[in-house]
Amino acid sequence: MEKVIGIDLGTTNSCVAIVEGGTPTVIPNRGGYKTTPSMVAITEAGKRLVGHIAKRQAVTNAENTVYAAKRLIGRKWNTTQVRSALATCPYRIVEGPHDDVRIQLRDKLYSVSEISAMVLQEMKIIAEDYLGHEVRKAVVTVPAYFNDGQRQATKDAGAIAGLDVIRIINEPTAAALAYGFGRNLDRTVAVYDLGGGTFDISILEIGSHGVFKVISTAGDTFLGGEDFDSRIIDWLVKGFQQEHGIDLRQDRMALQRLKDAAEKAKCELSAVRETEINLPFIISSSRNEALHLQRMLSRDELERLCNDLIERTIKICESTLEDSGVSKDDIEDVILVGGMTRVPKVQHMVAGFFGREPCKGVHPDEVVALGAAIQGSALLDEQQEMVLLDVTPHTLGIMVVGGFFEPLIPQNTTVPTSSSKTFTTVRDNQTAVKILVLQGESQRAEQNELLGEFILTDLRRAAKGQVEIDVTFEINADGIVSVQAKDLETGRQQSITVTASSGLTQDEITSMIDEAKTHAVDRRATEAFEGTRQEAEKLMGDIERLFPQVEQIVSGSDFGRDAIEKARGVLDRARSLIERKDVEGLKEQLEALGRTQRMFKGVIAKTG
Ligand code: AMP
């Protein structure tokens, strides 16, 4: 039977899984890691890098390295979320031709779907390397709170990557599927999902006959680990400013190093109570002295810095429970998803809120991809008894006279679903109506998101209120919306599938698919060792070239001599790994080489 892969396309990391012999399994990438950074870069030579290899060079190529593209996918240019990304991202975000967002890497503009497609293509290749044959079908997950535009743009990304996305499912639902798979459970569960960029909470009923029914879902697509990292960066920048009177934010390279260090410290503090943040030669003073950043961060301090962020997630949990009419006592299990749920304070506050310890034994990084794979195999295999009943996260409706929003499908309705309402003309002899399709919770139309619009023309002439128009909304199992308007008298009708919102036309998608194909060929031809060796040798060359100069600058201090000694060790080890053709070891060594190269470049930039 044809294989279908499940892909968790994460803000920070992505993960791919498959069901083999009835067992869902995560597929490791070539480096042996079960998750791959959702990062994409274009090198000076125009080469495309995806995953760990892109992450490693992010500091020295910040402008041409995209991370957290998921925060931008399917968004319109004129939104606060895009404004906020413009202010904080080191890569260039520009306005696209359809009021959408494009990203400039080197001299080329990419749509966000294209960037995500590169990550999806990487996941496809990981699966194909493992299986030894081509894979075409996939189930891809999205946050439950993603709107129609974001879902459509994710589907487009799949098509560009050469995947037939047979279903888009919500991440928390996928997590519940993996949790309940094969266990014959009958219970109500909450899935608390805090990832790199987004937060979701869902309440589900798992029925003993393989029925998974979402009761309600809510979230915030701009609340996640990155916000925790930002708090640490702010704290470091402020401290440095007080000590040295220098604003580290003015220096792109320093900022990227701060970002790396902040995330690393945050993760370490999940295991230890205190950690040191140490960034030598971060910037130079006005007198051209190299300055270092060295600070201890405690878990208590981190919790103080980020407490309100965790509280925001708890408030959302509270309102979701209220909306769903389920009481806390009815929740029989709490499933934690997303890397951020490793933070002890998050676990503690979630346990406090629900009045029970979250369940163990579910791997927060892998559970979503596993659920997607389970759903994929169930869709292809009719023998499998599993029904997934998801809900629409937003209310859908149209604009009516006075600028009001008239709902047709309320929030948290089980999908697929459809609903009709009859409207009338508002003027005498009105021959056309414009249907504005909107999504959101405000009573005012303009405060909701516009999904699309169309005009129904040639209505029969009559007094106002006499012509009746039937509007039908339909949401398919992917959560994608189509709308139809019909003149009840003449039977004349117009309909749209809301597709324009991803910001790409069909022609654009087709040409991107073609381009991605050539890249797939390009990628698969690369031999693992050769690629890694070249990457390592480039870094080693840089370090060797800068060595004499750096040595001269820093050898005046113990700190500097120590750094030089370490750099020598890093080079020696890399040489011996190349000699032994140890590709795995060399891959790991790339990180140390990258760090040394950045530090060397930093020293030269700050002092010379
Ligand atoms: P995800 O989107 O689920 O891959 O989650 C990624 C987020 O989880 C990032 O912000 C990571 O920094 C964060 N993360 C991963 N591991 C840990 C950890 N051990 N402690 C704290 N945060 C973590």
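Computed from a predicted model, the values in this text were never measured in an experiment.

1. Quick word on the domain arrangement of the protein
Right, so step 1: One can read the domain layout of the protein as domain 1 (4–222 + 313–380), domain 2 (225–307), domain 3 (396–498) and domain 4 (512–607).
Right, so step 2: Spacing between the C-alpha centres of domain 1 and domain 4 amounts to 31 Å.

2. Here's the deal with the packing of helix α8 (residues 299–324) against helix α9 (residues 344–354)
Right, so step 1: Where α8 contacts α9, the two axes come as close as 9 Å, and the packing angle between them is 35 degrees. Like other packed secondary-structure pairs, α8 and α9 cross with a definite hand, here right-handed. Between α8 and α9, the residues in contact are R299, E303, N307, I310, E311, I314, C317, E318 and L321 and P344, K345, V346, M349, V350, F353 and F354, respectively.

3. Thoughts on the packing of helix α3 (residues 112–131) against helix α4 (residues 148–160)
Right, so step 1: Direction vectors running N to C along α3 and α4 enclose 55 degrees, while the axes themselves pass 8 Å from each other. By the angle between their axes, α3 is oblique relative to α4. Note that α3 runs across α4; the crossing there is right-handed. Every residue of α4 that contacts α3 at S113, E114, S116, A117 and L120 is listed here: A153, T154, D156, A157, G158 and I160.

4. Some words on the environment of T532
Right, so step 1: Inspection of the secondary structure puts T532 in helix α12 (residues 528–554).
Right, so step 2: Setting aside residues no more than four positions away along its own chain, T532 makes contact with V583, L586, K587 and L590.

5. Points about the side chain of R151
Right, so step 1: Among the structural elements, R151 can be located in helix α4.
Right, so step 2: When neighbours within four sequence positions are excluded, R151 is seen to be in contact with V142, P143, A144, F146, I168, N170, P393, D478, G479 and I480.

6. Here we look at the environment of E441
Right, so step 1: Inspection of the secondary structure puts E441 in the loop between β24 (433–439) and β25 (449–456).
Right, so step 2: For E441, a relative accessible area of 43% gives the class partly exposed.
Right, so step 3: Sequence spacing of E441 and T395 is 46 residues, and the spatial spacing of their C-alpha atoms is 6.0 Å.
Right, so step 4: When residues no more than four places from it in sequence are discounted, the contact partners of E441 are P393, H394, T395, Q411 and N448.
Right, so step 5: Reaching out from E441, the side chain makes a polar contact with the side chain of T395 at a distance of 2.6 Å.

7. A word on the sheet that holds strand β5 (residues 40–42)
Strand pairing in a sheet is mediated by backbone hydrogen bonds. Such pairs are either parallel or antiparallel.
Right, so step 1: One open sheet accounts for three strands, arranged β6-β5-β7; its pairing is antiparallel. The open sheet has two edge strands, β6 (48–50) and β7 (65–66), and neither has a second partner.
Right, so step 2: As paired elements, β5 and β7 share two bridges and run antiparallel to each other. Bridge assignment links V40 to a residue of β7, and that residue is V66.
Right, so step 3: Against the sheet, α3 engages β5, β6 and β7, with an angle of about 65 degrees to β6.

8. Remarks on the pattern of salt bridges
Right, so step 1: Summed over all chains, the structure comprises 30 salt bridges.
Right, so step 2: In this structure, the salt-bridge partner of R575 is E544, at a minimum N-O distance of 2.7 Å. Note that R575 is positioned in helix α13 (residues 558–579) and E544 in helix α12, a separation of 31 residues in sequence.
Right, so step 3: Using a relative accessible area of 35% as the deciding quantity, one classes R575 as partly exposed.
Right, so step 4: A relative accessible area of 37% places E544 in the partly exposed class.
Right, so step 5: Linked by salt bridges that have partners in common, E2, K137 and D164 make up one network.

9. Comments concerning a negative patch on the surface
Right, so step 1: Taken together, the side chains of D186, E205, D329, D330 and E332 present a region of like negative charge at the surface.
Right, so step 2: The residue D330 is located in the loop between α8 and β18 (333–337) in this model.

10. Remarks on the site of the ligand
Right, so step 1: Lining the immediate environment of the ligand, one finds 14 residues, of which G196, E263, K266, S270 and G339 sit closest.
Right, so step 2: Taking G196, its main chain carries an N or O atom lying 2.9 Å from an oxygen atom of the ligand.
Right, so step 3: Between the ligand and the protein, one listed contact pairs an oxygen atom with a side-chain N or O atom of E263 at 2.6 Å.
Right, so step 4: Isolated, the ligand exposes 500 Å² of accessible area, and the fraction of that covered by the protein chains is 85%.
Right, so step 5: Per-element accounting of the shell around the ligand gives the leading share, three residues, to helix α7 (residues 252–268).
Right, so step 6: Residues that form the shell around the ligand fall into these classes: three nonpolar, eight polar and three charged.
Right, so step 7: When residues of the shell around the ligand are sorted by domain, at least three fall in each of domain 1 (4–222 + 313–380) and domain 2 (225–307).

11. Digging into the pairing of strand β16 (residues 274–284)
Right, so step 1: Burial runs high along β16: eight of the 11 residues are buried.
Right, so step 2: Taken together, the eight bridges between β16 and strand β17 (residues 290–298) define a ladder with antiparallel strand orientation. Each residue of the ladder has a partner; that of I283, found in β17, is L291.
Right, so step 3: What sits between β16 and β17 in their antiparallel hairpin is a turn of five residues, with N288 showing a positive phi close to 65 degrees.

12. Quick word on the sheet that holds strand β8 (residues 92–95)
Right, so step 1: Strand order in the open sheet formed by three strands is β8-β9-β10, and the pairing between neighbours is antiparallel. The strands lining the two open edges of the sheet, one partner per strand, are β8 and β10 (108–111). Strand-to-strand twist across the sheet, computed as the mean angle between neighbouring axes with direction ignored, equals 40 degrees.
Right, so step 2: Sheet topology places strand β9 (residues 101–105) next to β10; four bridges connect them, and they run antiparallel. Within β10, the position partnered with Q104 by the bridge is L109.
Right, so step 3: In the packing of α3 onto the sheet, contacts are made with β9 and β10, and the angle to β10 comes to roughly 80 degrees.

Criteria and cut-off values
Going along each chain's sequence as written, the residues are numbered from 1 onward. Side-chain atom pairs in this predicted model are given and counted only at pLDDT of 80 or more, local residue features only at pLDDT of at least 70, and totals for whole chains, interfaces and linings cover all residues. Excluded from the side-chain calculation are hydrogens and water; included are all heavy atoms of the structure. Where each domain starts and ends follows an automatic or database-derived domain assignment. Angles run from 0 to 180 degrees between N-to-C directions of axes, and those axes are lines fitted to C-alpha atoms, restricted for helices to the stretch in contact. Numbering of helices and strands runs from the N terminus; a helix is a DSSP stretch of H or I covering at least four residues, while a strand is a stretch of E covering at least two. Helix crossings fall into two classes, left-handed where the near helix is turned counterclockwise from the far one by less than a right angle and right-handed where it is turned clockwise. Two residues qualify as a contact provided that any one of their heavy atoms is within 4.5 Å of a heavy atom in the partner residue. Should an angle fall under 35 degrees it is called roughly parallel, over 145 degrees roughly antiparallel, and 65 to 115 degrees roughly perpendicular, with every other angle called oblique. Partly exposed describes any residue whose relative accessible area lies between the buried limit of under 20% and the exposed limit of over 50%, with all areas from a 1.4 Å probe on protein chains only and scaled to the type maximum. For the purposes of these results, a polar contact is taken to be a pair of N or O atoms within 3.5 Å, where, inside protein, one atom must be able to donate a hydrogen and its partner to accept one; residues adjacent in sequence count only when each atom of the pair is a side-chain atom. Two strands form a pair only when DSSP identifies at least two bridges running between them. Here, a salt bridge means any Lys or Arg side-chain nitrogen found within 4 Å of an Asp or Glu carboxyl oxygen. Patch definition: residues above 30% relative accessible area lacking any salt bridge, with like charges linked at up to 9 Å and the nonpolar side chains Val, Leu, Ile, Met, Phe, Trp and Tyr linked at up to 5 Å. We get accessible surface area from the Shrake-Rupley algorithm with a probe of 1.4 Å; when it comes to residues, only the shown protein chains can shield them. Under the convention used here, Asp and Glu are negative, Lys and Arg are positive, and both His and the chain ends fall outside the count. Think of each charge as sitting on NZ of Lys, CZ of Arg, CG of Asp or CD of Glu. Near residues are defined by distance, with any heavy atom within 4 Å of the molecule or strand qualifying the residue. Under the grouping applied here, Gly and all other residues not named as nonpolar or charged are polar, the nonpolar ones being Ala, Val, Leu, Ile, Met, Phe, Trp, Tyr, Cys and Pro and the charged ones Asp, Glu, Lys and Arg.

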